[in-house]
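Here is what each chain is made of, one letter per residue.
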Amino acid sequence: MITFLFNFKEIGGVQVLIFNLMRELSKSNIRTKLIYHKNSWLTDELKKHKVEFDFFCIEDLRHENINIFVKHDDILVTTILFMELVSFTRINPYFLLWDVSFNTFFYEMRNYVYIRKLTRKRLINKMLNKKGLVFMDKECVRDVEKQLRIKIDPSYLPIPVITYDVNHFLQRQRSYATTIHLTYIGRAITWKIAPVRKLLSDLEKISSNSRNFCLHIITDDVDRFRNGLDFTPGGFEVEFHQNLSGERLREFLVNTSDLHIAMGTSCLEGATLGIPSILLDASYRELPENYTYKWIFENDGYSLGRILDGTNNVTLYHNLSEILVNYGEHQSESLSTISHKCYEYVKHHHDVAKITNDFVSSCSNSRLKINDVLYTDLGYYVKEVIKRRFNKDLFLID
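Description of the structure in this document. (Residues numbered from 1 in each chain as written. Predicted model: local features only at pLDDT ≥ 70, side-chain atom pairs only at ≥ 80, totals over all residues. Heavy atoms only, no water.)

Take the packing of aromatic side chains next. Centre-to-centre distance and the angle between the planes together describe a pair of aromatic rings. In this structure the tally under the stated criterion is 14 aromatic pairs. A centroid spacing of 5.7 Å and a plane angle of 15° characterise the contact between Phe4 and Phe359, whose relative ring orientation is stacked. Placement of Phe4 in strand 1 (residues 2-5) and of Phe359 in helix 11 (residues 352-365) is noted, with a sequence separation of 355 residues between them. Phe359 matches Phe4 in its accessibility class, with the two residues each being buried. Here a set of aromatic residues connected by ring pairs shows up, and it is made of Phe6, Phe8, Tyr36 and Phe82. (Phe/Tyr/Trp six-rings, centres within 6.5 Å; stacked < 30°, edge-to-face > 60°. Helix = DSSP H or I, 4+ residues; strand = E, 2+ residues; numbered from the N terminus. Buried < 20%, exposed > 50% of the residue type's maximum accessible area, 1.4 Å probe, protein only.)

A disulfide bridge is the covalent bond that connects two cysteines by way of their sulfur atoms. If you walk through the whole model with that rule in mind, you get zero disulfides. Here Cys214 is not cross-linked by a disulfide; its sulfur's nearest cysteine counterpart is in Cys267, at 19 Å. Just so you know, Cys363 is unpaired, no disulfide at all, and the nearest cysteine sulfur is the one on Cys140, 18 Å from it. (Disulfide = S-S within 2.5 Å.)

Attention now moves to the sheet that holds strand 10 (residues 259-262). The mixed open sheet is built from six strands, whose spatial order is 9-8-7-10-11-13. Of all the strands in the sheet, just strand 9 (237-242) and strand 13 (294-295) have a single pairing partner and so form its edges. Here strand 11 (residues 277-279) pairs with strand 13 via two bridges, running antiparallel. In the sheet register, Ile278 faces strand 13, and the bridge partner there is Trp295. Along the sheet face, helix 5 (residues 190-206) touches strand 7 (179-185), strand 8 (212-219), strand 9 and strand 10 and points at about 170° away from the line of strand 8. Here helix 6 (residues 222-229) sits on the sheet and contacts strand 7, strand 8 and strand 9; the angle it forms with strand 9, its principal contact strand, is near 145°. (Pairing = 2+ DSSP bridges. Contact = heavy atoms within 4.5 Å. Axes fitted to C-alpha atoms, helices over the stretch in contact; angles between N-to-C directions.)

Attention shifts here to the side chain of Arg120. Relative to the helices and strands, Arg120 is located in helix 3 (residues 113-129). On the basis of relative accessible area, Arg120 is assigned to the buried category, the value being 2%. At 2.4 Å, the side chain of Arg120 and the backbone oxygen of Phe105 are in polar contact. Separated by 2.7 Å, the side chains of Arg120 and Asp377 make a polar contact. (Polar contact = N/O pair within 3.5 Å; in protein donor to acceptor, adjacent residues only side chain to side chain.)

Before going further, it helps to spend a moment on the pairing of strand 9. Note: strand 8 against strand 9, six bridges, orientation parallel. Across the sheet, residue Ile218 finds its bridge partner in strand 9, namely His241. What joins strand 8 to strand 9 is helix 6, and the crossover it makes is right-handed. (Right-handed = clockwise from strand over helix to strand, strands pointing away.)

For the rest of this paragraph, the subject is unusual backbone geometry. Positive phi values are uncommon outside glycine, yet Lys50 reaches one of about 60°. Within the element layout of this structure, Lys50 appears in the loop between helix 2 (41-48) and strand 3 (53-57). Of note, the phi angle at Asn92 is positive, near 55°, even though the residue is not glycine.

Examined against the element boundaries, Gly13 turns out to sit in helix 1 (residues 13-27). In sequence terms Gly13 and Gly264 are 251 residues apart; their C-alpha atoms lie 7.4 Å from each other.

A separate point is the packing of helix 1 against helix 2. At their nearest, the axes of helix 1 and helix 2 sit 10 Å apart, and the two run at 25° to each other. By the criterion of interaxial angle, the relationship of helix 1 to helix 2 is roughly parallel. Along this stretch, helix 1 crosses helix 2, giving a crossing that reads as right-handed. Together, Gln15, Val16, Ile18, Phe19 and Met22 of helix 1 and Trp41, Leu42, Glu45 and Leu46 of helix 2 make up the contact between the two elements. For the contact of helix 1 with helix 2, the class distribution of residues is seven nonpolar, one polar and one charged. (Parallel < 35°, antiparallel > 145°, perpendicular 65-115°, else oblique. Left-handed = near helix turned anticlockwise from the far one by under 90°. Nonpolar A, V, L, I, M, F, W, Y, C, P; charged D, E, K, R; others polar.)

Next up, the structure:
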(Lines give C-alpha, C1' and ligand atoms only; values in the text may rest on other atoms or scores of the structure.)
Protein backbone atom coordinates (compact mmCIF):
# COMPACT_ATOMS: atom_id res chain seq x y z
CA MET A 1 0.00 0.00 0.00
CA ILE A 2 1.20 3.53 -0.77
CA THR A 3 2.28 5.21 2.49
CA PHE A 4 3.07 8.92 2.59
CA LEU A 5 5.56 10.16 5.19
CA PHE A 6 6.26 13.80 5.97
CA ASN A 7 7.41 15.67 9.07
CA PHE A 8 7.03 19.44 8.62
CA LYS A 9 3.72 20.65 10.01
CA GLU A 10 3.65 24.13 8.46
CA ILE A 11 1.49 24.19 5.34
CA GLY A 12 3.52 24.28 2.15
CA GLY A 13 3.77 22.79 -1.32
CA VAL A 14 4.46 19.23 -0.14
CA GLN A 15 1.29 19.11 1.95
CA VAL A 16 -0.70 20.32 -1.06
CA LEU A 17 1.06 17.70 -3.20
CA ILE A 18 0.14 14.88 -0.79
CA PHE A 19 -3.44 16.11 -0.48
CA ASN A 20 -3.95 16.26 -4.26
CA LEU A 21 -2.52 12.76 -4.72
CA MET A 22 -4.45 11.14 -1.87
CA ARG A 23 -7.68 12.77 -3.00
CA GLU A 24 -7.19 11.64 -6.61
CA LEU A 25 -6.23 8.12 -5.57
CA SER A 26 -9.32 7.96 -3.37
CA LYS A 27 -11.48 8.75 -6.40
CA SER A 28 -10.10 5.56 -7.97
CA ASN A 29 -10.83 3.62 -4.75
CA ILE A 30 -7.13 3.34 -3.95
CA ARG A 31 -6.75 3.60 -0.19
CA THR A 32 -3.51 5.11 1.13
CA LYS A 33 -1.70 5.48 4.43
CA LEU A 34 -0.39 8.70 5.97
CA ILE A 35 2.31 9.15 8.61
CA TYR A 36 2.03 12.76 9.69
CA HIS A 37 0.85 15.11 12.45
CA LYS A 38 -2.61 15.14 13.99
CA ASN A 39 -4.75 18.28 13.84
CA SER A 40 -2.99 19.66 10.78
CA TRP A 41 -4.14 21.42 7.63
CA LEU A 42 -3.47 18.24 5.65
CA THR A 43 -5.52 15.89 7.84
CA ASP A 44 -8.32 18.45 8.14
CA GLU A 45 -8.53 18.88 4.35
CA LEU A 46 -8.53 15.14 3.75
CA LYS A 47 -11.39 14.66 6.19
CA LYS A 48 -13.28 17.64 4.78
CA HIS A 49 -13.16 16.07 1.32
CA LYS A 50 -14.11 12.64 2.72
CA VAL A 51 -10.86 10.99 1.69
CA GLU A 52 -10.56 7.64 3.48
CA PHE A 53 -7.06 6.74 4.63
CA ASP A 54 -5.14 4.96 7.40
CA PHE A 55 -3.31 7.28 9.77
CA PHE A 56 -0.28 6.98 12.06
CA CYS A 57 0.89 9.98 14.09
CA ILE A 58 4.55 10.68 13.35
CA GLU A 59 5.00 11.92 16.92
CA ASP A 60 4.33 8.36 18.13
CA LEU A 61 7.09 6.73 16.08
CA ARG A 62 9.30 6.32 19.14
CA HIS A 63 6.52 4.92 21.31
CA GLU A 64 4.33 2.70 19.11
CA ASN A 65 4.99 -0.39 17.03
CA ILE A 66 5.13 0.92 13.51
CA ASN A 67 5.30 -2.67 12.16
CA ILE A 68 1.58 -3.00 12.90
CA PHE A 69 0.93 -0.10 10.52
CA VAL A 70 3.58 -0.50 7.79
CA LYS A 71 4.23 -3.85 6.10
CA HIS A 72 7.28 -5.07 4.19
CA ASP A 73 5.48 -4.90 0.84
CA ASP A 74 4.19 -1.34 1.36
CA ILE A 75 5.95 1.52 -0.39
CA LEU A 76 6.99 4.52 1.67
CA VAL A 77 6.89 7.82 -0.24
CA THR A 78 8.49 11.04 0.93
CA THR A 79 10.29 14.11 -0.40
CA ILE A 80 13.13 14.41 2.11
CA LEU A 81 15.57 11.90 3.60
CA PHE A 82 14.21 12.27 7.12
CA MET A 83 15.98 10.65 10.06
CA GLU A 84 12.63 8.97 10.79
CA LEU A 85 13.43 6.47 8.02
CA VAL A 86 15.56 4.60 10.57
CA SER A 87 12.30 3.60 12.26
CA PHE A 88 11.53 1.26 9.35
CA THR A 89 14.79 -0.70 9.21
CA ARG A 90 13.31 -3.98 10.46
CA ILE A 91 10.22 -3.74 8.28
CA ASN A 92 12.29 -2.73 5.23
CA PRO A 93 9.42 -1.58 2.97
CA TYR A 94 9.86 -0.35 -0.57
CA PHE A 95 10.78 3.30 -0.97
CA LEU A 96 10.26 6.17 -3.43
CA LEU A 97 11.90 9.56 -3.00
CA TRP A 98 10.28 12.43 -4.90
CA ASP A 99 12.80 15.27 -5.19
CA VAL A 100 10.73 18.46 -5.09
CA SER A 101 13.19 20.92 -3.57
CA PHE A 102 16.54 22.52 -4.32
CA ASN A 103 18.16 21.02 -1.19
CA THR A 104 16.65 17.54 -0.95
CA PHE A 105 19.98 15.74 -0.82
CA PHE A 106 21.78 18.42 1.18
CA TYR A 107 19.31 18.91 4.02
CA GLU A 108 21.12 18.59 7.38
CA MET A 109 24.56 18.18 5.75
CA ARG A 110 26.56 20.58 7.89
CA ASN A 111 29.01 18.05 9.40
CA TYR A 112 31.34 15.58 7.66
CA VAL A 113 30.41 17.15 4.34
CA TYR A 114 33.05 15.33 2.25
CA ILE A 115 32.07 11.87 3.53
CA ARG A 116 28.38 12.61 3.18
CA LYS A 117 28.80 13.75 -0.41
CA LEU A 118 30.58 10.47 -1.23
CA THR A 119 27.80 8.38 0.29
CA ARG A 120 25.13 10.54 -1.34
CA LYS A 121 26.68 9.89 -4.76
CA ARG A 122 26.49 6.15 -4.12
CA LEU A 123 22.95 6.51 -2.82
CA ILE A 124 21.70 8.47 -5.84
CA ASN A 125 23.19 5.91 -8.24
CA LYS A 126 21.52 3.08 -6.32
CA MET A 127 18.20 4.93 -6.23
CA LEU A 128 18.29 5.52 -9.97
CA ASN A 129 19.28 1.94 -10.74
CA LYS A 130 16.41 0.62 -8.61
CA LYS A 131 13.93 3.22 -9.94
CA GLY A 132 13.33 4.67 -6.49
CA LEU A 133 14.03 8.32 -7.31
CA VAL A 134 11.99 10.79 -9.36
CA PHE A 135 12.48 14.53 -9.88
CA MET A 136 9.84 17.23 -10.15
CA ASP A 137 11.82 19.31 -12.66
CA LYS A 138 15.15 20.03 -14.35
CA GLU A 139 16.21 22.47 -11.65
CA CYS A 140 16.27 19.68 -9.05
CA VAL A 141 18.40 17.58 -11.38
CA ARG A 142 20.78 20.47 -12.10
CA ASP A 143 21.14 21.14 -8.39
CA VAL A 144 22.20 17.56 -7.64
CA GLU A 145 24.53 17.43 -10.65
CA LYS A 146 26.16 20.70 -9.63
CA GLN A 147 26.58 19.86 -5.94
CA LEU A 148 27.87 16.31 -6.45
CA ARG A 149 29.53 16.77 -9.87
CA ILE A 150 27.71 13.86 -11.46
CA LYS A 151 25.50 13.38 -14.52
CA ILE A 152 22.00 11.98 -14.11
CA ASP A 153 19.57 10.31 -16.47
CA PRO A 154 16.44 11.37 -14.56
CA SER A 155 12.83 10.24 -14.38
CA TYR A 156 10.47 13.20 -14.09
CA LEU A 157 7.26 13.40 -12.09
CA PRO A 158 5.98 17.00 -12.23
CA ILE A 159 3.99 18.55 -9.39
CA PRO A 160 0.25 17.79 -9.79
CA VAL A 161 -2.54 20.31 -9.26
CA ILE A 162 -6.27 20.26 -9.80
CA THR A 163 -7.18 21.51 -13.27
CA TYR A 164 -10.53 22.78 -14.54
CA ASP A 165 -12.68 22.34 -17.61
CA VAL A 166 -13.03 26.10 -18.07
CA ASN A 167 -10.60 29.00 -17.98
CA HIS A 168 -11.95 30.99 -15.03
CA PHE A 169 -9.98 34.11 -15.88
CA LEU A 170 -11.53 34.39 -19.34
CA GLN A 171 -15.02 34.08 -17.84
CA ARG A 172 -14.61 37.39 -16.03
CA GLN A 173 -15.65 40.81 -17.24
CA ARG A 174 -13.16 43.31 -15.87
CA SER A 175 -11.63 46.68 -16.62
CA TYR A 176 -7.99 47.43 -15.86
CA ALA A 177 -8.29 51.16 -16.48
CA THR A 178 -7.93 52.11 -12.82
CA THR A 179 -6.44 49.36 -10.65
CA ILE A 180 -4.53 46.16 -11.43
CA HIS A 181 -4.63 43.59 -8.65
CA LEU A 182 -1.52 41.42 -8.31
CA THR A 183 -1.36 38.36 -6.06
CA TYR A 184 1.61 36.64 -4.45
CA ILE A 185 1.50 33.42 -2.39
CA GLY A 186 4.38 32.44 -0.15
CA ARG A 187 5.22 31.35 3.38
CA ALA A 188 6.90 33.85 5.68
CA ILE A 189 10.42 32.46 5.23
CA THR A 190 13.50 34.27 3.99
CA TRP A 191 13.81 32.81 0.49
CA LYS A 192 10.14 33.54 -0.25
CA ILE A 193 10.19 37.05 1.22
CA ALA A 194 13.42 38.42 -0.30
CA PRO A 195 12.29 38.16 -3.97
CA VAL A 196 9.18 40.23 -3.18
CA ARG A 197 11.38 43.25 -2.38
CA LYS A 198 12.40 43.36 -6.05
CA LEU A 199 8.74 43.20 -7.10
CA LEU A 200 7.85 46.06 -4.73
CA SER A 201 10.77 48.12 -6.02
CA ASP A 202 9.68 47.58 -9.63
CA LEU A 203 6.08 48.48 -8.83
CA GLU A 204 7.22 51.67 -7.14
CA LYS A 205 9.18 52.72 -10.23
CA ILE A 206 6.23 52.36 -12.59
CA SER A 207 3.33 53.45 -10.38
CA SER A 208 1.56 56.60 -11.53
CA ASN A 209 -1.56 58.62 -10.96
CA SER A 210 -3.22 57.13 -14.05
CA ARG A 211 -2.75 53.47 -13.07
CA ASN A 212 -3.07 52.06 -9.56
CA PHE A 213 -1.66 48.78 -8.34
CA CYS A 214 -2.62 46.65 -5.38
CA LEU A 215 -0.38 43.75 -4.39
CA HIS A 216 -2.11 41.08 -2.32
CA ILE A 217 0.34 38.96 -0.31
CA ILE A 218 -1.09 35.66 0.90
CA THR A 219 1.01 34.06 3.61
CA ASP A 220 0.96 32.00 6.79
CA ASP A 221 2.30 34.74 9.09
CA VAL A 222 1.50 38.33 8.14
CA ASP A 223 3.61 40.00 10.84
CA ARG A 224 6.72 37.98 10.04
CA PHE A 225 6.33 38.57 6.30
CA ARG A 226 5.77 42.32 6.74
CA ASN A 227 8.77 42.64 9.06
CA GLY A 228 10.91 40.57 6.69
CA LEU A 229 10.11 42.90 3.80
CA ASP A 230 11.16 46.00 5.68
CA PHE A 231 9.74 48.06 2.83
CA THR A 232 7.31 50.96 2.86
CA PRO A 233 5.57 51.13 -0.52
CA GLY A 234 4.85 54.45 -2.14
CA GLY A 235 2.28 55.04 -4.86
CA PHE A 236 0.53 51.69 -4.60
CA GLU A 237 -1.22 49.47 -2.05
CA VAL A 238 -0.09 46.28 -0.35
CA GLU A 239 -2.67 44.11 1.39
CA PHE A 240 -1.88 41.01 3.45
CA HIS A 241 -4.06 37.92 3.78
CA GLN A 242 -3.32 35.13 6.22
CA ASN A 243 -3.84 31.37 5.81
CA LEU A 244 -5.96 31.28 2.67
CA SER A 245 -5.96 27.75 1.28
CA GLY A 246 -8.12 25.25 -0.55
CA GLU A 247 -11.45 26.52 -1.85
CA ARG A 248 -11.09 29.88 -0.07
CA LEU A 249 -7.81 30.52 -1.88
CA ARG A 250 -9.27 29.50 -5.23
CA GLU A 251 -12.27 31.83 -4.81
CA PHE A 252 -10.02 34.69 -3.75
CA LEU A 253 -7.78 34.29 -6.79
CA VAL A 254 -10.71 33.97 -9.19
CA ASN A 255 -12.40 37.09 -7.83
CA THR A 256 -9.32 39.23 -7.19
CA SER A 257 -6.21 38.37 -9.19
CA ASP A 258 -5.42 40.06 -12.48
CA LEU A 259 -1.76 39.03 -12.43
CA HIS A 260 -0.38 36.20 -10.31
CA ILE A 261 3.29 36.07 -9.28
CA ALA A 262 4.71 33.20 -7.26
CA MET A 263 7.16 30.31 -7.16
CA GLY A 264 6.66 26.56 -7.05
CA THR A 265 3.20 25.08 -6.50
CA SER A 266 1.92 28.54 -5.58
CA CYS A 267 2.43 29.70 -9.16
CA LEU A 268 0.40 26.75 -10.44
CA GLU A 269 -2.47 27.78 -8.14
CA GLY A 270 -3.06 30.85 -10.31
CA ALA A 271 -2.13 29.44 -13.71
CA THR A 272 -4.55 26.52 -13.41
CA LEU A 273 -7.37 29.09 -13.21
CA GLY A 274 -6.12 30.82 -16.35
CA ILE A 275 -4.79 33.83 -14.43
CA PRO A 276 -1.71 35.23 -16.25
CA SER A 277 1.02 33.86 -13.99
CA ILE A 278 4.67 34.81 -13.59
CA LEU A 279 7.10 32.20 -12.27
CA LEU A 280 9.34 33.85 -9.69
CA ASP A 281 12.72 32.50 -8.57
CA ALA A 282 13.62 31.96 -4.92
CA SER A 283 16.48 33.80 -3.24
CA TYR A 284 17.86 34.42 0.23
CA ARG A 285 18.61 38.00 -0.73
CA GLU A 286 17.02 40.63 -2.93
CA LEU A 287 16.97 39.75 -6.61
CA PRO A 288 19.53 41.56 -8.79
CA GLU A 289 18.60 44.84 -10.42
CA ASN A 290 18.65 43.31 -13.91
CA TYR A 291 16.32 40.45 -12.94
CA THR A 292 13.41 40.02 -15.35
CA TYR A 293 10.15 38.08 -15.20
CA LYS A 294 8.86 35.15 -17.22
CA TRP A 295 5.45 33.61 -17.77
CA ILE A 296 5.08 30.10 -16.44
CA PHE A 297 4.72 28.69 -19.96
CA GLU A 298 8.16 30.10 -20.89
CA ASN A 299 10.05 27.72 -18.62
CA ASP A 300 11.47 24.32 -19.59
CA GLY A 301 11.79 20.92 -17.98
CA TYR A 302 8.69 21.41 -15.78
CA SER A 303 10.66 24.05 -13.86
CA LEU A 304 8.92 25.76 -10.95
CA GLY A 305 11.68 28.25 -10.26
CA ARG A 306 15.36 28.35 -9.38
CA ILE A 307 17.16 29.25 -6.19
CA LEU A 308 19.36 32.24 -7.07
CA ASP A 309 22.62 32.26 -5.11
CA GLY A 310 24.64 34.84 -7.02
CA THR A 311 26.26 32.32 -9.35
CA ASN A 312 23.23 31.87 -11.62
CA ASN A 313 22.95 33.68 -14.90
CA VAL A 314 20.05 36.12 -15.09
CA THR A 315 18.12 35.23 -18.24
CA LEU A 316 16.49 38.11 -20.05
CA TYR A 317 12.72 37.82 -20.32
CA HIS A 318 10.35 40.74 -19.60
CA ASN A 319 10.61 43.69 -17.28
CA LEU A 320 7.50 44.51 -15.27
CA SER A 321 6.56 47.43 -17.53
CA GLU A 322 6.45 45.08 -20.52
CA ILE A 323 4.31 42.63 -18.58
CA LEU A 324 1.79 45.31 -17.64
CA VAL A 325 1.45 46.59 -21.21
CA ASN A 326 -0.84 43.59 -21.71
CA TYR A 327 -3.34 45.24 -19.36
CA GLY A 328 -3.77 48.26 -21.61
CA GLU A 329 -7.12 49.46 -22.90
CA HIS A 330 -6.70 47.80 -26.32
CA GLN A 331 -4.76 44.70 -25.27
CA SER A 332 -7.59 42.29 -24.40
CA GLU A 333 -6.58 39.87 -27.15
CA SER A 334 -2.96 39.82 -25.97
CA LEU A 335 -4.00 39.19 -22.37
CA SER A 336 -6.42 36.45 -23.43
CA THR A 337 -3.62 34.70 -25.31
CA ILE A 338 -1.36 34.77 -22.26
CA SER A 339 -4.19 33.50 -20.06
CA HIS A 340 -4.87 30.65 -22.47
CA LYS A 341 -1.18 29.67 -22.59
CA CYS A 342 -0.91 29.60 -18.79
CA TYR A 343 -4.09 27.55 -18.48
CA GLU A 344 -3.11 25.04 -21.18
CA TYR A 345 0.44 24.72 -19.84
CA VAL A 346 -0.84 23.51 -16.48
CA LYS A 347 -3.41 21.17 -18.03
CA HIS A 348 -0.76 19.62 -20.26
CA HIS A 349 2.09 19.30 -17.73
CA HIS A 350 0.56 19.26 -14.24
CA ASP A 351 -2.93 17.76 -14.43
CA VAL A 352 -3.50 15.76 -11.23
CA ALA A 353 -5.25 12.83 -12.95
CA LYS A 354 -2.37 12.24 -15.37
CA ILE A 355 0.36 12.77 -12.77
CA THR A 356 -1.38 10.42 -10.33
CA ASN A 357 -1.36 7.64 -12.92
CA ASP A 358 2.35 8.24 -13.49
CA PHE A 359 2.91 8.31 -9.73
CA VAL A 360 1.25 4.93 -9.25
CA SER A 361 3.47 3.52 -12.02
CA SER A 362 6.56 4.95 -10.30
CA CYS A 363 5.52 3.30 -7.03
CA SER A 364 4.97 -0.04 -8.77
CA ASN A 365 8.32 0.13 -10.57
CA SER A 366 10.47 0.98 -7.54
CA ARG A 367 12.71 -1.88 -6.37
CA LEU A 368 14.41 0.35 -3.80
CA LYS A 369 14.09 -0.70 -0.15
CA ILE A 370 14.52 1.39 2.98
CA ASN A 371 17.68 -0.48 3.97
CA ASP A 372 19.19 0.31 0.57
CA VAL A 373 19.02 3.91 1.71
CA LEU A 374 20.06 3.48 5.35
CA TYR A 375 23.06 1.25 4.67
CA THR A 376 24.26 3.19 1.64
CA ASP A 377 23.89 6.69 3.05
CA LEU A 378 25.86 5.90 6.22
CA GLY A 379 27.40 9.36 6.20
CA TYR A 380 24.01 10.59 7.40
CA TYR A 381 22.34 7.65 9.13
CA VAL A 382 25.27 5.81 10.73
CA LYS A 383 24.93 7.31 14.24
CA GLU A 384 21.24 6.62 14.49
CA VAL A 385 21.53 3.11 13.03
CA ILE A 386 24.28 2.18 15.53
CA LYS A 387 22.39 3.73 18.44
CA ARG A 388 19.28 1.73 17.73
CA ARG A 389 21.23 -1.44 16.98
CA PHE A 390 22.91 -1.53 20.38
CA ASN A 391 20.38 0.16 22.64
CA LYS A 392 17.26 -1.97 22.81
CA ASP A 393 15.44 0.69 24.75
CA LEU A 394 15.55 2.84 21.64
CA PHE A 395 14.26 0.16 19.30
CA LEU A 396 10.97 1.19 17.83
CA ILE A 397 9.96 -2.39 17.04
CA ASP A 398 10.01 -5.27 19.48
